[in-house]
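Listed here are the chains, written in short residue letters.
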Amino acid sequence: AQSVSQHNHHVILSEAASLELGCNYSYGGTVNLFWYVQYPGQHLQLLLKYFSGDPLVKGIKGFEAEFIKSKFSFNLRKPSVQWSDTAEYFCAVNAGSGYSTLTFGKGTMLLVSP
Amino acid sequence: GAVVSQHPSRVICKSGTSVKIECRSLDFQATTMFWYRQFPKKSLMLMATSNEGSKATYEQGVEKDKFLINHASLTLSTLTVTSAHPEDSSFYICSASPTSGYEQYFGPGTRLTVT
């Protein structure tokens, strides 16, 4: 069974700082990778996804993530965070088996101070 | 597009009673719907996967007789927590996957409190 680990449980940044959230997964086969965001009081929303092709994927709100197969990683980045990026971020993996079952990491709470 | 709703958003019930939570895909057809439980400061825990017209597949450790799932149409799935106890208090989230893809679209969640 696949598993997903997110290394940072809490991250605190000042506005305009750069962000990188780590995500590693364990699964030897083909994977689909996702980052979801949950803003305070709101539901989970898809930030970006990787299925195949260019390993550097761009999502909404200036976020991007890079799939590095050799490292089993899919880190999320943003060059300059804003206060409105304060949220919880979840990395998720689908084993690409044809079913859409996702395995989630435990989430990283990002707090951006103005 | 790809909106999923849940009803109710909050519910308080007495121990021993049953509670039904609805999950609807509003603008797409969902062959598969998922039910999660989210614990404070923990990740989403997948409870079960339901496919329209067939029995749900429950994850290990989830009691299927306690958490009844019905997926009667391509836009509606229901989760019924039977004989609820205080330890069932949690945030329950559903998601729906369109027939065409791997993505899941999440509902806003239902906060269940059992007194």
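Figured I'd write up the structure that's included with this text. (Residues numbered from 1 in each chain as written. Chains lettered and ligands numbered in written order. Predicted model: local features only at pLDDT ≥ 70, side-chain atom pairs only at ≥ 80, totals over all residues. Heavy atoms only, no water.)

## Examining the overall build of chain B
Move 1: When helices and strands are tallied, chain B shows zero helices and eleven strands.
Move 2: Its helices and strands in sequence order give chain B the pattern β-β-β-β-β-β-β-β-β-β-β, from N to C terminus.
Move 3: On C-alpha atoms alone, chain B measures out to a radius of gyration of 13 Å, which is about the 13 Å that the 2.2 N^0.38 rule sets for 115 residues.
Move 4: Along the longest, intermediate and shortest principal axes, the C-alpha atoms of chain B span 40 × 25 × 25 Å.
Move 5: Residue burial in chain B is summarised as follows: out of 115 residues, 50% are buried.
Move 6: When contacts within chain B are restricted to residue pairs at least 6 apart in sequence, those whose partners lie at least 24 apart make up 54%.
Move 7: Counting every atom, chain B has about 5700 Å² of accessible surface; 51% of that belongs to carbon and sulfur. (Helix = DSSP H or I, 4+ residues; strand = E, 2+ residues; numbered from the N terminus. Rg over C-alpha atoms; globule rule 2.2 N^0.38 Å. Buried < 20%, exposed > 50% of the residue type's maximum accessible area, 1.4 Å probe, protein only. Contact = heavy atoms within 4.5 Å. Areas by Shrake-Rupley, 256 points an atom, 1.4 Å probe, with all protein chains shown as cover.)

## So, the interface of chain B and chain A
Size of an interface: often given as the accessible area lost when the parts come together.
Move 1: Contacts between the two partners involve 18 residues from chain B, matched on the other side by 19 residues from chain A.
Move 2: Together, the buried faces of chain B and chain A total about 1500 Å²; carbon and sulfur atoms form 59% of this surface.
Move 3: When the buried area of chain B at its contact with chain A is split by residue, Y102(B), E103(B) and F106(B) rank highest and sum to 42% of it.
Move 4: Our count for the chain B to chain A interface comes out at one salt bridge. (Buried area = accessible area lost by both parts, 1.4 Å probe. Salt bridge = Lys/Arg side-chain N within 4 Å of Asp/Glu carboxyl O.)

## A closer look at the pattern of salt bridges
Where charged atoms from two side chains of opposite charge come close, those side chains can pair.
Move 1: One pass over the structure, following the stated rule, counts seven salt bridges over all chains.
Move 2: Two residues, E64(A) and R77(A), come together in a salt bridge whose shortest N-O distance is 3.5 Å. Linking E64(A) in strand β8 (residues 64–68) with R77(A) in strand β9 (residues 73–78), this pair joins segments that are 13 residues apart in sequence.
Move 3: With a closest N to O distance of 3.4 Å, E22(B) and R24(B) form a salt bridge.

## Looking at the nonpolar core
Where a protein is soluble and globular, its nonpolar side chains tend to be buried together.
All names here are of chain A.
Move 1: Counting 28 residues, the largest nonpolar core has W35, L48, F74, L76 and Y89 as the members making the most contacts within it.
Move 2: Of all elements in the fold, only β2 (10–14), β3 (19–21), β5 (32–38), β6 (45–50), β8, β9, β10 (87–94) and β12 (108–113) reach the threshold of two or more residues within this core.
Move 3: At four residues, the largest contribution of residues to this core is made by β10.
Move 4: Non-local contacts of L48, meaning those with residues more than four positions away in its chain, are made with L33, F34, W35, V57, K58, G59, F63, E64, A65, F74 and L76. (Core = buried A, V, L, I, M, F, W, Y, C linked by side-chain atoms within 4.5 Å.)

## Brief notes about the pairing of strand β9 (residues 90–98) of chain B
All names here are of chain B.
Move 1: Among the nine residues in β9, nine count as buried, and that is most of the element.
Move 2: Where burial is concerned, the two faces of β9 agree: the one with S90, Y92, C94, A96 and P98 and the one with F91, I93, S95 and S97 are both buried.
Move 3: Inspection of the sheet shows strand β4 (residues 30–38) paired to β9 by eight bridges, in the antiparallel sense. Directly across from Y36, in β9, lies its bridge partner I93.
Move 4: Two strands pair when backbone bridges link them, and β9 and strand β10 (residues 105–106) are joined in this way by two bridges, in the antiparallel orientation. In the sheet register, A96 faces β10, and the bridge partner there is Y105. (Pairing = 2+ DSSP bridges.)

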